[in-house]
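# A closer look at the structure
Now for the letters of each chain:
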Amino acid sequence: MITSSNKKSEFILNIYIGIFLLFMFIPLLLMMAAGFNATDPPSVTDWQGFTLKWFYQLKTEDRLIRCLGNSFKIVGVVVPLSVMLGLSAALILTRIRAKVTNYLYAVLVSPMLTPGIILGITTIVFWQKIGVNANLFTVMLAQTSFIATYPMLIIMSRLQRLDHFQEEAAMDLGASPLLLFWRITIPFLKPAIFTSAALAFLMSFENYNTTVFSIGSNCTVTTEIAQQARKAHTPVINALGFIFVSLTIIGAFIYAFFHRRRSSRN
C-alpha cells in the first residue's frame, strides 16, 4: 500500500514537473523557431519555409552589433567590480564582530531590494548634478550598486562554512595574513566566487530597468531589443535569441560535465 502510494505521488510529481517545464520553455522554443521562418514579421503560425537568411542578416545590423559590444564592455567592468566589492563586504561582515555590522548588512542589502527603475533614475540625477552625462560609465556604476549585493550574499554563505582551525593552524606555522588569505581563504571561496561571477554576468547582460534610465543616448543589446520590440521588428532578433539560448545550453552542459567529472574523482 505504501509502495503504491509512493509511485502515485512520484507519477503526479513527474506530471507537474513536465507541465512546469512546458510552461517555461514553449514560449522560448517558439521564439527560436521564428528565427528560421522566412516570413517577416516573425511568426510560427504563418510558416513560409525554412531559412537561414536572418542569421546572415545579423552581420548587417551595425547598430545591434554596436549595442552588443556595449553590453560586453559593461559586463567586463561590472562583473569583476561586483565580485571584488561583494568579497570585501562578505569578509567584513563575517570577520568583524560588532553591533555596527548588523546596520552595515542592512545598508549593503538595501540596493538589492530597491526597484531597478529607482536606481537608474537616482543614478542619472546624481551624476547630472555634478556635470556627468548619462553614458556607459553611469550604467556600470548603477548596475554595480545592486549587483554587488548578490556576490556578497553568496560568498558570505560560503565563508560561514570555513573551518577556522585551518587558519589558526596556518598562523601557528608562521603564515602571514596575506599568505593565509591567498593559500586558504581564496581556494576555499573559489566555487562561490565563480558562481558569483556567473550570476553577475547574467544580471548585468540582461538588465533593462536600471540600464535604460542611466545609459542616455547609448544602448545595450537588451535596450535595443526592447526598442525594436515596440516596433515591427524583423526575425533577426529571434535569430540572435537562438544564438544566446544555444550558447547558454552548451555552457550548462559543459559545466555539468566537468562538475560530474570532478565529483567522480573525489
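Relevant structure appears above.
Since this is a predicted model, take the numbers as computed values, not measurements.

## Considerations on the pattern of salt bridges
- Scanning all chains against the criterion turns up one salt bridge.
- For Glu-224, the salt bridge identified is with Arg-63, shortest N-O distance 2.8 Å. Separated by 161 residues along the polypeptide, Glu-224 in helix H11 (residues 221-229) and Arg-63 in helix H3 (residues 62-95) bring together distant segments of the chain.
- For Glu-224, a relative accessible area of 5% gives the class buried.

## What to know about the packing of aromatic side chains
- Applying the stated criterion across every chain, the model contains ten aromatic pairs.
- A centroid spacing of 5.3 Å and a plane angle of 75 degrees characterise the contact between Trp-127 and Phe-137, whose relative ring orientation is edge-to-face. With a gap of ten residues between them, Trp-127 in helix H5 (residues 116-129) and Phe-137 in helix H6 (residues 136-147) connect regions that are remote in the sequence.
- What makes Trp-127 buried here is its relative accessible area of 18%.
- A centroid spacing of 5.6 Å and a plane angle of 90 degrees characterise the contact between Phe-205 and Phe-244, whose relative ring orientation is edge-to-face. Remark: Phe-244 occurs in helix H12 (residues 236-265) and Phe-205 occurs in helix H9 (residues 177-206); sequence separation between them is 39 residues.

What counts and what doesn't
Residues numbered from 1 in each chain as written. Predicted model: local features only at pLDDT ≥ 70, side-chain atom pairs only at ≥ 80, totals over all residues. Heavy atoms only, no water. Salt bridge = Lys/Arg side-chain N within 4 Å of Asp/Glu carboxyl O. Helix = DSSP H or I, 4+ residues; strand = E, 2+ residues; numbered from the N terminus. Buried < 20%, exposed > 50% of the residue type's maximum accessible area, 1.4 Å probe, protein only. Phe/Tyr/Trp six-rings, centres within 6.5 Å; stacked < 30°, edge-to-face > 60°.

Structural measurements only, silent on function.
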